[in-house]
Amino acid sequence: MKYLLYCIAFISLNVFAQDKYLTKTGTVAFEASVPSFEEVKATNHSVTAILNAENGEFAALVLVKGFRFKNALMEEHFNENYAESDTYPKATFKGRIDAFNFPDIKQNTALTISGELSFHGKSKTLNKVPIVISKVNDILEISGAFKAYASDFDIEIPKIVSNKIAETIDVVFNFKLTKK
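The written sequence of each chain sets the order in which its residues are numbered from 1. Local features in a predicted model are, by the rule used here, given only for residues with pLDDT of at least 70; side-chain atom pairs are given and counted only at 80 or more, and totals for whole chains, interfaces and linings are based on all residues. The side-chain numbers reported here are obtained from all heavy atoms of the structure, hydrogens and water having been left aside.

J.: Before we go on, may I ask you to explain the overall build of the protein in this structure?
T.: Every helix listed is a DSSP run of H or I at least four residues long, and every strand listed is a run of E at least two residues long, numbered separately from the N terminus. Counting secondary structure elements, the protein contains two helices and nine strands. Projected onto its principal axes, the C-alpha coordinates of the protein cover approximately 75 × 35 × 25 Å. To sort residues, take the accessible area from a 1.4 Å probe on protein chains only and compare it with the maximum for the residue type: under 20% means buried, over 50% means exposed, and anything in between is partly exposed. Per-residue burial for the protein yields a buried fraction of 38% across its 180 residues. Expressed as a percentage of contacts within the protein between residues at least 6 apart in sequence, the contacts between residues at least 24 apart total 60%. Shrake-Rupley sampling with a 1.4 Å probe provides the accessible areas, and residues are treated as covered by the protein chains on show and by no other component. For the protein, the accessible surface area stands at approximately 11,100 Å², while carbon and sulfur atoms represent 57% of it. The contact criterion used throughout is that any non-hydrogen atoms of two residues lie within 4.5 Å.

J.: Even after reading the chapter, I still don't get the environment of Val64, so can you show me in this structure?
T.: Relative to the elements of secondary structure, Val64 occurs in the loop between β3 (57-63) and β4 (68-69). Exposure remark for Val64: the relative accessible area of 0% places this residue in the buried category. Once residues lying within four places of it in the same chain are set aside, the contact partners of Val64 are Phe78, Asn79, Ala83, Ser85, Tyr88, Pro89, Lys90, Ala91 and Phe119.

J.: Just checking my understanding: could you explain the nonpolar core for this structure?
T.: Within the largest apolar cluster, 48 residues are counted, with the highest numbers of intra-cluster contacts made by Phe58, Ile97, Ile133, Ile142 and Phe175. Excluding anything up to four places from it in sequence, Phe175 contacts Thr23, Gly26, Thr27, Val28, Val47, Ala49, Phe58, Ala60, Leu140, Glu141 and Ile142. Grouping buried Ala, Val, Leu, Ile, Met, Phe, Trp, Tyr and Cys residues that are joined through side-chain atoms within 4.5 Å yields what is termed a nonpolar core.

J.: Which parts of the structure should I look at to understand the packing of aromatic side chains?
T.: Two aromatic rings from Phe, Tyr or Trp, using only the six-membered ring of Trp, form a pair when their centres are within 6.5 Å; if the ring planes differ by under 30 degrees the pair is stacked, by over 60 it is edge-to-face, and anything between is tilted. Scanning all chains against the criterion turns up 12 aromatic pairs. Centre to centre, the rings of Phe67 and Phe78 are 6.1 Å apart; their planes meet at 75°, and the pair counts as edge-to-face. Of this pair, Phe67 sits in the loop between β3 and β4 while Phe78 sits in helix α2 (residues 72-82); the two residues are 11 residues apart in sequence, bridging distant segments of the chain. Throughout this description, the term charge over a ring refers to an Arg CZ or Lys NZ atom that lies within 6 Å of the ring centre and within 35 degrees of the ring normal. Over the face of the ring belonging to Phe102 we find Lys135, whose NZ or CZ atom lies 4.1 Å from the ring centre.

J.: Honestly, the environment of Asn101 in this entry has me stumped. Any pointers?
T.: Counting through the fold element by element, Asn101 comes out in the loop between β5 (90-98) and β6 (109-119). Asn101 sits 62 residues away from Glu39 along the chain, and the two C-alpha atoms are 39 Å apart.

Below you can see the structure in the form of structure tokens.
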């Protein structure tokens, strides 16, 4: 009888288990530079992301204080004056890869992703962001880019520096996820 119960439990766990892919070392970078002025660019190499390989649901979590700039003073201003990272410590994305079908993923498969980006206490819907997915052994690599606007997240750029910081922010991301 115990053997039968163990078999049923094992089979039910396999039936209900979802294939998930995870990373804690994803990369998100942004740039809001203006020509002829100091580069406004930062990168975060400790982004957590998870993908449900059965349905294409995707989520990412970025700790805002994890963004690194070339200039320490710029990093301080970003955290204190713009991102207000003590008040809003994280940014998140929750969405779904459009037309996702795991068996169809090969090298450099072009798809799109749609979902909600939350940053600085505000949320913005992103639709059909182009991404590239590659599957090699048990690693899925997802990369892409999109544009965001400081005004979408109620980030005010003071007039004194408004000509040195772009209103349009280029965001790039790259995740190498392994099967969980």
